[in-house]
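Residue-level structural notes
Below are the chains, spelled out letter by letter.
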Amino acid sequence: MRGGENRRVRQTFTERRQPLRIHEISASQHKLYTVPPDQRAQVRQRAAAWRRYQRARARLLQQMTALLALADQLAESQRVDWPP
């Protein structure tokens, strides 16, 4: 019995959650959109995919920066001053 009551309380809490909103900033203007309940799962999936892309892009940039630093070190070590 008690478990059923707890489930009912959880459902009520879930129903009271605030709606999902998207905040957009463009050209110094702020817009706030409320996402309809039937589209929230899709919006969350796309937002997660966007975050994964941004993290992968940041990692790639760090790796490319490190690779460029190594190439610079290699070039510096093989440089010959002329005239001697």
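What you see is a predicted model; the values in this text were computed from it and never measured. (Residues numbered from 1 in each chain as written. Predicted model: local features only at pLDDT ≥ 70, side-chain atom pairs only at ≥ 80, totals over all residues. Heavy atoms only, no water.)

Let us now look at the overall build of the protein chain. A count of helical and extended segments in the protein chain gives two helices and two strands. Each helix (α) and strand (β) of the protein chain, taken in turn from the N terminus, gives the series α-β-β-α. Put simply, the protein chain has 84 residues, and 2% of those count as buried. Counting every atom, the protein chain has about 8400 Å² of accessible surface; 55% of that belongs to carbon and sulfur. (Helix = DSSP H or I, 4+ residues; strand = E, 2+ residues; numbered from the N terminus. Buried < 20%, exposed > 50% of the residue type's maximum accessible area, 1.4 Å probe, protein only. Areas by Shrake-Rupley, 256 points an atom, 1.4 Å probe, with all protein chains shown as cover.)

Taken together, the six bridges between strand β1 (residues 21-26) and strand β2 (residues 29-34) define a ladder with antiparallel strand orientation. Within the sheet, the bridge partner assigned to glutamate 24 lies in β2 and is lysine 31. Linking β1 to β2, which pair antiparallel, is a turn of two residues; within it alanine 27 sits at a positive phi near 55°. (Pairing = 2+ DSSP bridges.)

The next subject is the pattern of salt bridges. Applying the stated rule across the entire model yields two salt bridges. One salt bridge connects glutamate 76 with arginine 79, and the closest N-O pair in it is separated by 3.6 Å. In this structure, arginine 79 engages aspartate 81 in a salt bridge whose closest nitrogen and oxygen atoms are separated by 3.4 Å. Pair check on accessibility: arginine 79 and aspartate 81 agree, each one exposed. Each of the salt bridges in this network shares a partner with another, and the network as a whole consists of Glu76, Arg79 and Asp81. (Salt bridge = Lys/Arg side-chain N within 4 Å of Asp/Glu carboxyl O.)

What follows covers unusual backbone geometry. With an omega of 0°, the peptide bond running from tryptophan 82 to proline 83 counts as cis. For proline 83, the location among the structural elements is in the segment after α2 (40-77).

Considering every residue of the protein chain, the mean pLDDT works out to 82; 79% of them sit at 70 or more. Mean pLDDT values for the elements of the protein chain range from 48 in helix α1 (residues 2-16) up to 96 in α2. (pLDDT = per-residue confidence, 0-100.)

Turning next to the packing of aromatic side chains. Tallying each qualifying case throughout the model produces one aromatic pair. Taking the centre distance of 5.3 Å and the plane angle of 40° together, the rings of tryptophan 50 and tyrosine 53 count as tilted. A residue pair is termed a helical-turn pair when its members lie 3 or 4 positions apart in one helix, as tryptophan 50 and tyrosine 53 do in helix α2 at three residues. For tyrosine 53, a relative accessible area of 43% translates into the label partly exposed. (Phe/Tyr/Trp six-rings, centres within 6.5 Å; stacked < 30°, edge-to-face > 60°.)

Residue position: arginine 40 is located in helix α2. Aspartate 38 provides the closest opposite charge to the buried, salt-bridge-free arginine 40, at an N-O distance of 7.5 Å. Among the polar contacts listed, one links the side chain of arginine 40 to the backbone oxygen of valine 35, at a separation of 3.1 Å. Residues within four places of arginine 40 in sequence aside, it is in contact with Pro19, Leu20 and Val35. (Lys, Arg positive; Asp, Glu negative; His and termini not counted. Polar contact = N/O pair within 3.5 Å; in protein donor to acceptor, adjacent residues only side chain to side chain. Contact = heavy atoms within 4.5 Å.)

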